[in-house]
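# Commentary on secondary and tertiary structure
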Amino acid sequence: MSYAVIKTGGKQYKVKSGEILKIEKLPDSKAETKIEFNEILAYGDDKSIEIGAPNVKGAKVEANLIKNSKNRTILIFKKRRRQNSRRKNGHRQEYSMIRINKIFSKDGKVLSEAEKISKTSKKEEVKEAVIK
């Protein structure tokens with residue numbers, strides 16, 4: 001199984017094709033669009049690995065943006081004892097949810113590709129379950 005280490009949003013992620021993950025929100029991006037990550041730090045499989053210095057030139061990862069959203073609220077509560085001083089604040093971090101489609105090597109060859117998602121309705125799933 002091939003994998004790649006990408007850098008986005010100041011963080012590094014080890015990704016495989018077909019994987020869905022949350023990353024820092026991508027600026028100026030709309031849902032259901034294709035995204036290319038060109039900052040590939042390393043890629044490989046079980047037998048071999050290619051490591052960049054710092055990046056692997058020519059390698060890239062293609063992904064689909066599923067949605068942009070916000071995480072759950074994190075409460076920040078500060079209290080100074082015996083001072084009658086307290087402060088309550090909340091924060092919701094924005095994120096982008098992506099699905100990795102393809103991983104390309106530095107010479108442009110496709111290392112791994114995700115399977116296509118077939119959109120079936122719930123009625124068809126129920127019919128299949130009843131038939132079985």
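Refer to the structure above for everything that follows.
How each quantity is defined
Residues numbered from 1 in each chain as written. Predicted model: local features only at pLDDT ≥ 70, side-chain atom pairs only at ≥ 80, totals over all residues. Heavy atoms only, no water. 1 Å grid on protein atoms, 1.4 Å probe; cavity = no way out; pocket = protein on both sides within 12 Å on 5 of 7 lines; lining within 4 Å. Points joined across faces, edges and corners; volume = space filled by probe spheres on them. Helix = DSSP H or I, 4+ residues; strand = E, 2+ residues; numbered from the N terminus. Core = buried A, V, L, I, M, F, W, Y, C linked by side-chain atoms within 4.5 Å. Buried < 20%, exposed > 50% of the residue type's maximum accessible area, 1.4 Å probe, protein only. Contact = heavy atoms within 4.5 Å. Pairing = 2+ DSSP bridges. Axes fitted to C-alpha atoms, helices over the stretch in contact; angles between N-to-C directions. Polar contact = N/O pair within 3.5 Å; in protein donor to acceptor, adjacent residues only side chain to side chain.

### A short note on the layout of surface pockets
Approximately 330 Å³ is the volume attributed to the largest pocket. Lining the largest pocket are 15 residues, with Asn 64, Arg 99, Asn 101, Lys 116 and Ile 117 positioned closest to its centre. Where the lining of the largest pocket is concerned, the elements lending two or more residues are β7 (60-70) and β10 (94-104). In terms of residue count, β7 provides more of the lining of the largest pocket than any other element does, 4 residues in total.

### Focus: the nonpolar core
Nonpolar side chains in soluble globular proteins tend to end up buried together. Counting 19 residues, the largest nonpolar core has Phe 37, Val 61, Ile 98 and Ile 100 as the members making the most contacts within it. Of all elements in the fold, only β1 (3-8), β2 (11-16), β3 (20-24), β4 (34-37), β5 (40-44), β7 and β10 reach the threshold of two or more residues within this core. The contact partners of Ile 100, leaving out residues within four places of it in the chain, are Val 15, Lys 16, Ser 17, Gly 18, Glu 19, Leu 21, Val 61, Glu 62, Ala 63 and Ala 114.

### Focus: the sheet that holds β2
The antiparallel open sheet is built from 4 strands, whose spatial order is β2-β1-β5-β6. Strands with a single pairing partner mark the edges of an open sheet, and in this sheet they are β2 and β6 (49-51). The average undirected angle you get between the axes of adjacent strands in this sheet is 15°.

### Some details on the side chain of Ser 112
Mapped onto the secondary structure, Ser 112 falls in strand β11 (residues 110-113). Ser 112 gets classed as buried once you look at its relative accessible area, which sits at 10%. One polar contact links Ser 112 to Ser 17, side chain to side chain, over a distance of 3.3 Å. Apart from the residues lying within four places of it in its own chain, the contact partners of Ser 112 are Ser 2, Ser 17, Asn 101, Lys 102 and Ile 103.

### Focus: unusual backbone geometry
Ala 53 connects to Pro 54 through a cis peptide bond whose omega is -5°. Looking at where Pro 54 falls in the secondary structure, it is placed in the loop between β6 and β7. Phi is positive for Arg 82, which is not a glycine, with a value near 60°. Positive phi is not limited to glycine here, since Asn 84 has a value of about 55°. Looking at the secondary structure, you find Asn 84 in the loop between β8 (74-80) and β9 (85-91).

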